Amino acid sequence: MTPSPAGRRAAARVATLGPGFAFLTVFLLVPLALVLSYTVFRRGRFGGIVYEPTGENFARLADPLYLDVVLGSVRLAAVTTLLALLLGYPTAYMIARLPGRWKAIALVAVVLPFWTNFLIRTYAWIVLLNSQGPVNSGLEALGLGPVELLYTDGAIVAGLLYAYLPLMILPLYSAIERLDPQLREASANLGARPARTFWSVTLPLSLPGVLTGCVFVFVPSLGNFVIPELLGGGRRIMVGNLIRDQFLKARDWPFGSVLALAVIAVLVLLLFAQAWAGRRAGRNG
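The name an unreviewed UniProt entry gives the protein chain is Spermidine/putrescine ABC transporter permease, with Planotetraspora thailandica as the organism. Word for word, the UniProt comment on the protein chain under Subcellular location (unreviewed entry) is "Cell membrane".

A. Examining helix H9 (residues 194–205) more closely. In this model H9 runs 15 Å from its N-terminal to its C-terminal C-alpha over twelve residues, within 8% of the 16 Å that 1.5 Å per residue would give. Turning to H9, its buried residues number three or more, namely Thr-197, Val-201 and Thr-202. Looking down the long axis of H9, one finds its buried residues gathered within 80° of arc, a one-sided arrangement. Residues of H9 that are exposed and point more than 90 degrees away from the buried face comprise Arg-196 and Trp-199. Contacts made by the buried residues of H9 are with helix H3 (64–96) and helix H8 (181–189).

B. Region of the structure containing the layout of surface pockets. Empty space within the largest pocket amounts to approximately 180 Å³. Together, Leu-32, Val-35, Val-219, Ala-260, Val-263, Ile-264 and Leu-267 line the largest pocket. Secondary structure elements with two or more residues in the lining of the largest pocket: helix H1 (5–38) and helix H13 (253–284). For the lining of the largest pocket, the leading source of residues is H13, giving four residues.

C. A look at the UniProt feature "transmembrane region" (unreviewed entry) in the protein chain. Mapped onto the present numbering, the UniProt feature "transmembrane region" (unreviewed entry) falls on residues 21–41, 69–92, 104–129, 149–176, 197–219 and 253–273. The span residues 104–129 carries 77% helix and 0% strand; its end-to-end C-alpha distance comes to 32 Å. Helix makes up 96% of residues 197–219 and strand 0%. Its end C-alpha atoms lie 31 Å apart.

D. How the structure looks around the packing of aromatic side chains. Throughout the structure, instances matching the rule amount to eight aromatic pairs. Between the aromatic rings of Tyr-89 and Phe-198, the centroid separation amounts to 5.5 Å while the plane-to-plane angle is 90°, which identifies the pairing as edge-to-face. Of this pair, Tyr-89 sits in helix H3 while Phe-198 sits in helix H9; the two residues are 109 residues apart in sequence, bridging distant segments of the chain. A relative accessible area of 7% means that Tyr-89 is categorised as buried. What makes Phe-198 partly exposed here is its relative accessible area of 24%. Put simply, the rings of Tyr-38, Phe-247 and Trp-253 pair up and form one aromatic cluster. The side chain of Arg-60 reaches across the aromatic face of Phe-255, ending 4.0 Å from its centre.

What counts, and where the lines are drawn
Residues numbered from 1 in each chain as written. Predicted model: local features only at pLDDT ≥ 70, side-chain atom pairs only at ≥ 80, totals over all residues. Heavy atoms only, no water. UniProt positions renumbered as here; feature names shortened; annotations may be inferred. Helix = DSSP H or I, 4+ residues; strand = E, 2+ residues; numbered from the N terminus. Expected span 1.5 Å × (residues − 1). Buried < 20%, exposed > 50% of the residue type's maximum accessible area, 1.4 Å probe, protein only. Arc of directions from axis to C-beta. Contact = heavy atoms within 4.5 Å. 1 Å grid on protein atoms, 1.4 Å probe; cavity = no way out; pocket = protein on both sides within 12 Å on 5 of 7 lines; lining within 4 Å. Points joined across faces, edges and corners; volume = space filled by probe spheres on them. Phe/Tyr/Trp six-rings, centres within 6.5 Å; stacked < 30°, edge-to-face > 60°. Lys NZ or Arg CZ within 6 Å of the ring centre and 35° of its normal.

Written out as structure tokens, the structure is:
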């Protein structure tokens, strides 16, 4: 029996979407469900899970020790995101206004750091920022050094900013590139200065790209544990380090799951904010 057109379309959807959904189910939804289920159980005496319901894991989040780690992580991630926005927006704006050939070259330059191993790039910052590195040598030549740059919060922010700045530039470029140039021309024809045009036309319409870039930078910065370990020298513990230690060292999987759930909750809130801004910008457009 020959299948109907609707049956063929359904089979085509299953064939094309099925592998992707299966991958997400096995490697995302199932592990996420396990993490969520561990949050309500107790840690065993020697690690592992004791399947006895408890709310103690959530109460431990209010402990000043862990609360200080969470708030410190949010602060560093927020500073990194703000700096990435301040640097990324003008960069994306200028790339969007370049001629076609130079635009492609600039975009390749933005993603070029991703062609190098992440650990190698992080170790390069250790060479740059240590007491005998080129940055301190230059400061010393100017009579301003040496300065302790490595193993500080500033070094962590610099490493996070370097690692995730392209993730801010690319969505901003995409949002700015899609803007109708006639809107800016109309604003200029009505007598608006370039600064007024930017604040009243360009920035509001590119707000979805701003929020997308902020999500792309803030969330991985919050969960990163390699850069705080290497550039912070272990002096600053961030949420990513705490989660890793709970799973691999303390073997406290329930509390580690609660911390991971807190990071996921922050991500969900940011995604809702992004969706709201996207709808609002669409209505304004």
